[in-house]
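Inside the fold
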Amino acid sequence: MSHNDPFVGALKQLEKLKNLINLEENIYQQLQSPQKFLEVSIPVKMDNGQIRVFKGFRSQYSNARGPYKGGIRFHPQVNESEVKALSMWMALKTAVVGIPLGGGKGGVIVNPKELSASELEKLSRGYIQAIHKLIGPNVDVPAPDVYTDPKIMGWMLDEYEKLTGGGNPGVITGKPLSIGGSKARSYSTAQGGFYVLQEAVKKMSLHNVRVAVQGFGNAGATMANILAKNGYKVVAVSDSKGGIYNSEGLDMTTLSVHKEKTGSVASFFGAQNIDGNILFQEVDILVLAALENSVTLENAEQIKAQLIIELANGPITHEADEILDKAGKVVVPDILANAGGVVVSYFEQVQNAYNYYWEEKDVLEKLAKIMTQSFDEVWRKKEKYNTNMRTGAYALAVERIGQAMKDRGWI
Ligand code: GLU
């Protein structure tokens, strides 16, 4: 197993926490693996008439605090360890923000960019056929993740309802608005990240900050836009094809048009291409919004930003985290920084249950309240245990999960 194995790293973090907060052995042992893990094969008849069999997973990590909750990722690098780690982080995430849900995650090994729309639809429906007995609005509730979107959630909901008979919109979140989605869900991950970024900026008394954003997908591009609209100078951004820099700040409106047209931020006329790594730019804040393992033992020392926001899940390896910590960097961890997505997913479920839908401003107000309050609670744990924000967030989450386990009589 490589030293960047996500689940090994996630368990190491838990081990570190165990000693720090004197975590009871009976709780610790139950957090070492998912409660249930399913591997499925999904045969899809491709447009050329041939069958291709895709491998998929669903990991149900913990339902101590409520139904399993977490997205479904379609990506060529999906694997068992990644899905397990992501499902554990979901259990911690829902606990950090105090919503009554547990943690789960799903994934399919596929590059969806290589599929036609009808192949993608068949795969999405096939995945639900394979896992539908394991999910339900009060059991396990999937949502979008990397390379999945509301359209895919729409197909999945439809398939679930066909299989089980009847309307059940709360079984999946991140749906299109026309079939029970929530206002603001499409940009809630970035919006939530922005609320906590602002809290961190206040705590650290940063002024006239320059920001770099790694990753220009749903989370990264939206975050860059929100930052620019709120007067932050976004000087550098990157995607999988390249990076760009402009010391005066990038113009987000024209950049979005450029990305739409060319498929990348690279070679944008309003900026210069970055030769080196986006991580090494002279900035005050670095937003990590790509995939896992972006910051590693090999590159962590060269990061200049004082404040790092993990909008992706697990972008910093365990070893890199220790380097950043020693260098005095403030890292706002994924399980807090990107929790805005699942918070609005929870709001979506509540709206589905009531069959009554909220105004956008009401969703945002409630999201802001949860995110700023959670930031404060994590900060207080960090101070209490004289540690960093990640360990503070883990402490808060594990204490809450442990309490639920006790109250259920599991220990
Ligand atoms: N995939 C998102 C995450 O990693 C959202 C999960 C959800 O809404 O359930 O937090």
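You'll find the structure just up there.
Residues numbered from 1 in each chain as written. Predicted model: local features only at pLDDT ≥ 70, side-chain atom pairs only at ≥ 80, totals over all residues. Heavy atoms only, no water.

Some details on the side chain of Lys69
Condition: Numbering of helices and strands starts at the N terminus; helices are DSSP runs of H or I of at least 4 residues and strands are runs of E of at least 2. Categorising residues by exposure relies on relative accessible area from a 1.4 Å probe, with only protein chains included: less than 20% of the type maximum marks a residue as buried, more than 50% marks it as exposed, and the intermediate range marks it as partly exposed. Think of it this way: Lys and Arg go in the positive column, Asp and Glu in the negative one, and His and the chain ends go nowhere. Just to be clear on terms, a salt bridge is a Lys or Arg side-chain nitrogen sitting within 4 Å of an Asp or Glu carboxyl oxygen. Here a polar contact is taken to be a pair of N or O atoms separated by no more than 3.5 Å, where protein atoms must pair a possible hydrogen donor with a possible acceptor and residues adjacent in sequence count only if both atoms sit in side chains.
Take Lys69: it is sitting in strand S3 (residues 68–69). Comment: no salt bridge for buried Lys69; closest opposite-charge side chain is Asp140, at 7.1 Å. A polar contact of 2.9 Å, which involves the side chain of Lys69, links it to the backbone oxygen of Val141. At a separation of 2.9 Å, a polar atom in the side chain of Lys69 contacts the side chain of Thr173.

Observations regarding the pairing of strand S8 (residues 233–239)
Here is the rule: When DSSP finds at least two bridges between two strands, those strands are taken to pair. Handedness rule for crossovers: strands pointing away from the viewer, path from the first strand over the helix to the second running clockwise, crossover right-handed.
Of all 7 residues that make up S8, 6 are buried, and the element is covered over most of its length. In the sheet, strand S7 (residues 210–214) pairs with S8 via 5 bridges, with the strands oriented parallel. Residue pairing in the sheet places Arg210 in a bridge with Lys233 of S8. For the crossover from S7 across helix H7 (residues 218–229) to S8, the handedness is right-handed. Relative to strand S9 (residues 242–245), S8 runs antiparallel, the two being bridged by 4 bridges.

A look at helix H1 (residues 6–21)
The line we're drawing: The length a helix should cover is 1.5 Å for every residue beyond the first. The contact rule is simple, with two residues in contact once any of their heavy atoms fall within 4.5 Å.
The terminal C-alpha atoms of H1 lie 23 Å apart, and with 16 residues this matches the ideal 22 Å at 1.5 Å per residue to within 8%. Among the residues of H1, Pro6, Phe7, Gly9, Ala10, Leu11, Gln13, Leu14, Leu17, Lys18 and Ile21 are the ones counted as buried. Contacts from the buried residues of H1 go to helix H2 (25–30), strand S2 (51–62), helix H3 (80–96), helix H9 (318–326) and helix H13 (389–407). In this structure Asp5 caps H1, since a side-chain oxygen of it lies 3.2 Å from the backbone nitrogen of Phe7. Residue Asn22 follows H1 closely and has a positive phi angle near 55°.

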